[in-house]
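Observations on the three-dimensional arrangement
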Amino acid sequence: MDNGASSYGRYLEGDDSALTEIIRIYKDGLTLYLNSFTNNIHDAEEIMEETFYRLAYKKPKYKPKSSFKT
């Protein structure tokens with residue numbers, strides 16, 4: 001498993017600090033990626049925050065067929 005996948009697995013098992021790791025690892029890259037679509041850094045930051053909110057509260061299943069980053 002890559003670092004994000006292993007952290008998410010730990011988060012799903014109840015380790016809340018693992019979500020902090022995921023956010024630290026992926027927030028900047030995700031924000032820049034979203035900014036390339038929105039052309040507005042503030043909108044990109046809001047979408048990034050919504051993404052991590054959904055990850056934290058909806059806890060979607062992860063299928064290791066692809067990279068966690070995707």
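Structure: see above.
Everything numeric here is computed off the predicted structure, so don't read it as measured data.

On the surface, Asp43, Glu45, Glu46 and Glu49 cluster together into a patch of negative charge. Note that Glu46 resides in helix α3 (residues 41-58).

Take the packing of aromatic side chains next. In this structure the tally under the stated criterion is 6 aromatic pairs. Here the aromatic rings of Tyr26 and Phe68 are separated by 5.8 Å at their centres, their planes lie at 55°, and the arrangement is tilted. Pair noted here: Tyr26 is in helix α2 (residues 17-38) and Phe68 is in the segment after α3, with a separation of 42 residues, a long-range link. Using a relative accessible area of 14% as the deciding quantity, one classes Phe68 as buried. Stacked on the ring of Tyr11, the Lys or Arg Lys59 has its end atom at 5.1 Å from the ring centre.

Now for unusual backbone geometry. Despite not being glycine, Asn39 shows a phi value in the positive range, around 55°. Judged by relative accessible area, Asn39 falls into the exposed class, the value being 69%. Positive phi is not limited to glycine here, since Lys59 has a value of about 45°. By secondary structure assignment, the location of Lys59 is in the segment after α3.

As a further point, take α2. Its 22 residues give α2 an end-to-end C-alpha distance of 30 Å, which sits within 8% of 32 Å, the value for a rise of 1.5 Å per residue. Of all the bends found along α2, the most pronounced is centred on Tyr26 and spans about 45°. When we look at burial in α2, the residues that qualify are Ala18, Leu19, Ile22, Tyr26, Thr31 and Leu34. Of the surrounding secondary structure, the elements contacted by the buried residues of α2 are α1 (3-12) and α3.

Looking at the secondary structure, you find Gly14 in the loop between α1 and α2. In sequence terms Gly14 and Gly4 are 10 residues apart; their C-alpha atoms lie 15 Å from each other.

This part takes up the side chain of Thr31. Inspection of the secondary structure assignment puts Thr31 in helix α2. You can call Thr31 buried: its relative accessible area is 9%.

Calculation notes
Residues numbered from 1 in each chain as written. Predicted model: local features only at pLDDT ≥ 70, side-chain atom pairs only at ≥ 80, totals over all residues. Heavy atoms only, no water. Patch = residues over 30% accessible without salt bridge, like charges linked within 9 Å, V, L, I, M, F, W, Y side chains within 5 Å. Areas by Shrake-Rupley, 256 points an atom, 1.4 Å probe, with all protein chains shown as cover. Salt bridge = Lys/Arg side-chain N within 4 Å of Asp/Glu carboxyl O. Lys, Arg positive; Asp, Glu negative; His and termini not counted. Charge placed at Lys NZ, Arg CZ, Asp CG, Glu CD. Helix = DSSP H or I, 4+ residues; strand = E, 2+ residues; numbered from the N terminus. Phe/Tyr/Trp six-rings, centres within 6.5 Å; stacked < 30°, edge-to-face > 60°. Buried < 20%, exposed > 50% of the residue type's maximum accessible area, 1.4 Å probe, protein only. Lys NZ or Arg CZ within 6 Å of the ring centre and 35° of its normal. Expected span 1.5 Å × (residues − 1). Bend = angle between axes of the 7 residues up to and from the residue. Contact = heavy atoms within 4.5 Å.

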